[in-house]
Structures are given as C-alpha cells and as structure tokens.
Amino acid sequence: MQFRSIIRIVGLLLALFSTTMLLPALVAFIFRDGEGFPFVVTFFLLLAGGGVLWFPNRAFRHELKARDGFLIVVLFWTVIGSAGSIPFMLSEQPNMSVTDAFFESFSGLTTTGATVIVGLDDLPKAVLFYRQLLQWFGGMGIIVLAVAILPVLGIGGMQLYRAEIPGPVKDSKMTPRIAETAKALWYIYLTLTLSCAFAYWLAGMSVFDAISHSFSTVAIGGFSTHDSSMGYFNSPAINLITVFFLLISACNFSLHFAAFSSGKIYPGFYFRDPEFRAFVLIQLILLVIVFGMLINKGTYESTFESFNQAFFQTVSISTTAGYTTTDFSEWPLFLPVLLLFSSFIGGCAGSTGGGMKVIRILLLSLQGSRELKRLVHPRAVYTIKVGNKALPQQIVDAVWGFFSAYALVFVICMVALIGIGIDELTAFSAVAATLNNLGPGLGDVSLHFADINSAAKWVLIVSMLFGRLEIFTLLLLFTPTFWRT
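Residues numbered from 1 in each chain as written. Predicted model: local features only at pLDDT ≥ 70, side-chain atom pairs only at ≥ 80, totals over all residues. Heavy atoms only, no water.

Considerations on unusual backbone geometry
- Note that the residue after Q93, namely P94, is joined by a cis bond; omega there is 5°.
- In this fold, P94 is placed in the loop between α5 (86-90) and α6 (98-109).
- Look at I220: it is not a glycine, yet its phi comes out positive at around 50°.
- Structurally, I220 is set in the loop between α11 (207-218) and α12 (236-249).
- Accessibility expressed as a relative area gives 0% for I220, which makes it buried. (Helix = DSSP H or I, 4+ residues; strand = E, 2+ residues; numbered from the N terminus. Buried < 20%, exposed > 50% of the residue type's maximum accessible area, 1.4 Å probe, protein only.)

Spelled out as structure tokens, the structure:
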C-alpha cells in the first residue's frame, strides 16, 4: 500500500476542492447577502490543509494499484464530505449544529438530496448556491474531474476511475486514455448542465434559479432553492424540462458519448442498448400504474393535472432525483411505497442516478430466468446474454454479490435506526432514501430530515456513503484481505 502517495493525492484533491468555495463567495458578493466570509475562510483552511498533506509527500509518485485507488476514493469522499460541512457551521444563516452541517454536506456531495434545512426561501443566495454546487460536483464525481485535469495523478488514474464510476463493468473506457475518458464525461456533463439551465431560463425561472436547478437536475440530486421544490414554480413547462433532463442524465454517459461522437443522436441509436430499453420500459410501466391509480381515485380535478403529477413524480423518484411538486406520500393506496421501491432500481450504470442500477436488475432477472430453465432441463447449458453478447459468469456472480451486500447494509442500517428510536416506516424509508441517494422518504422524513435525532442522522450519513460508493468500495475496507501486504 503506497500510503504516502495516497496522502499526496488526497492533499491535491482537497486543494482542488477548496477552489469551489470561491464561487459561493462570488455569489455572496454579487447579491450582497453578507455570507461570503464563511466560504473565504473555508477556502484558505482547505487549501492549507491540502498543502499540509501534499508538501511532505510531494516526491512520492509511485504507481497506484487497485486497492490504493479504492482507499483514495473512500478517503476522499469522507474528507471532502467533512470539509464541505465547514461553511454550514460558520454561516450565521442557517444556524446549524455539527451533525446537521455534516448531514447536509454529505447529502449534497452524494447527490442524495435529503435536507435538514427548513426555510430555504429565506436563506442567503450564497448558501443556496453552495448546496446546489455540492450536488453538481458530486454528480459526476470530483475524482473523475481530477483524473481529467490533474496530470500529476498520471499513472494510476485508471484505479481511481474504476473505484469511482458506478456499475458492474468497471474496466470499460470510452477512449484509449483514461484522462481523455474523464474529459469526455465532463464535457458531456457540462453541455447538459448549460442546456438545462438555458431551458429553465426560457421556461420562466430567474437566472439564479435556472443555474442552481440545472446543477441538481443533471446531477440527479434533488436539492432546490425553495421549500416547495419544483412545486414552487407551478409550471407544467418546467416540470417537462425537468423530466427530460432527468431521463437524459439517468442514461449511461458512455451511450451519450457514443451518440455524440458518431453523430447518431436519435432515439433509434439509444434503443439498441438493452439497458436503455429496460430503463424506458420500467418508466412506462410505473407511469401507467401511477396515472391510472390517480385517475381512478380522483386525486386531481383534471386528467391533465393527474398526468402532469404522475409523470413528474414517477421520473423524479425512480431516477432518484427526489424533486417534488406535491407531497406524494399522501397519494392513495400503495403508490408512495411503489415509487419508493422504484428508487432501488434507479438509473443506468455510468449515470448520475442512484439505486442498484438498471443493468444489475436486468442481469438478476436474466439469471432468475436461467435458473427456471435449468429446473426443467438440468443438463442444458444456458448463457446470459445482454445485447447478443454473452457475459462472463464472473460478472453475474459479482451482481449477486452486490445484491446480497446491498440487502445486508440496508437491514443493518434499518435495524440501527429502529434501535435508536425511529419508527419502522420512517426507518425503512429513510434508509431507502439515503442508500439509494434519493432524498425524500415517508413518515417523519417525507418532507425533510430535521426532526430525527442526531444519532439517526449519523447512521444515514454512513448509508449515503455506502450508496454513493456502491457498497463494495466502502465495504472492501472492512475486510482483512484488503489490508494484507
């Protein structure tokens, strides 16, 4: 284990993260809201901290191995999540405890979107912008950004990339060089963000709201600058724009890259991908069920309003964005639970969405189908194919392992919350909302997480990290094998 090289890289990444504090400080200057000082102080603190980690180890540039990359990623998200809480603690408005500051920071960076802040409409613009910025950087991953722009990472960049990018197939690259792959991802990410912000502005949002919400939309984060979330704007046009960009951002970014590089930006190209087809099918099934139930129960006065609410909430919750236009927890019968369970599927692999990812659910269903066939024909040999490509048994086994670990972490976190004193419904939905990086839940956390106790918030912070790092990356550090030389 190259510990000094690891410390050097973490120091560089911390110094890189410190520069993000300058943007909220600039927003505070523009709007003269008096909250620029906490961000300036945090900038110097993080820059100095990064320098302290980097300077004594600057000469250590050894090649990184796979486990070095995993340790860097876990350390980075833990350190940056902690560092991101400093402005919240220093700000006079909102006046937050240490626990709440950590919760809000980790929720932003992991793109969970669960908040402990009540009264967003009255907060300074700098604080609101900072929350959105955390989600934007967390969406694609600051480590992927670092691989793209920091040549000092050089050799070993692939190890960071493998540990950071979600999905069961970790070694796929869109370009021969890993730095070029990271750059391509961020070019697409930036293009989608600018397009989303422009569309929001045309639909009637202010420039500030348009930019802020484009950050959390493309990141599939769910933070808003208003307590009512997207319901504040009461605009079907804005709802449609949100849904459009959520669906795009929930697709595999390598698919976007292939479409852009080949000039084949049309639906037919995307539908060649089995995971994309499964993703669209899931969205359609959910929409039909939710829309049909809202119409049947007469929840809304008009068919258009029923469709508007059903379409928005279905996509928002199933892609793990967590935006709301209404309190969906009050919808009839099983709909709130159905939408919450849909977040376990989440977006496609290689997207900014949370959950277990569509490709894993697809592989699990194919594996289940294969086992049923084996019951009828025990001696037959069946291979699992995705898009006419036979998958190695190693990938199928890894998916089953991931599913088991996911369920284990979920149960442990839920039992921990119940033991702390949280009721069963709130505990279940809170863990589902954080482990899937969704945001809103049911029960006491349907609107915000401010009312649960501090111990529960720390459990949920760990749950957010497990969800963002896709279980194995974090779980790996708790195995004796990882630390053996």
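Right, picking up where we left off after that structure.
Observations concerning helix α1 (residues 3-18)
- When the terminal C-alpha atoms of α1 are compared, their 22 Å separation across 16 residues agrees well with the 22 Å that a helix rising 1.5 Å per residue should span.
- Most of α1 is tucked away, with 13 of its 16 residues classed as buried. (Expected span 1.5 Å × (residues − 1).)

As for the pattern of salt bridges
- Tallying each qualifying case throughout the model produces 5 salt bridges.
- Where E470 meets K357, a salt bridge forms, and the shortest distance between an N and an O atom there is 3.1 Å. Here K357 lies in the loop between α17 (335-342) and α18 (358-376) and E470 lies in the loop between α21 (454-468) and α22 (472-475), a separation of 113 residues in the sequence. Taken individually, E470 and K357 each receive the classification buried, so the pair is uniform in this respect.
- Residue E371 is joined to R374 by a salt bridge in which the shortest nitrogen-to-oxygen separation is 3.0 Å. Of this pair, E371 and R374 both sit in helix α18, separated by 3 residues, roughly a single helical turn. (Salt bridge = Lys/Arg side-chain N within 4 Å of Asp/Glu carboxyl O.)

Don't take any of this as a statement about function, it's just geometry.
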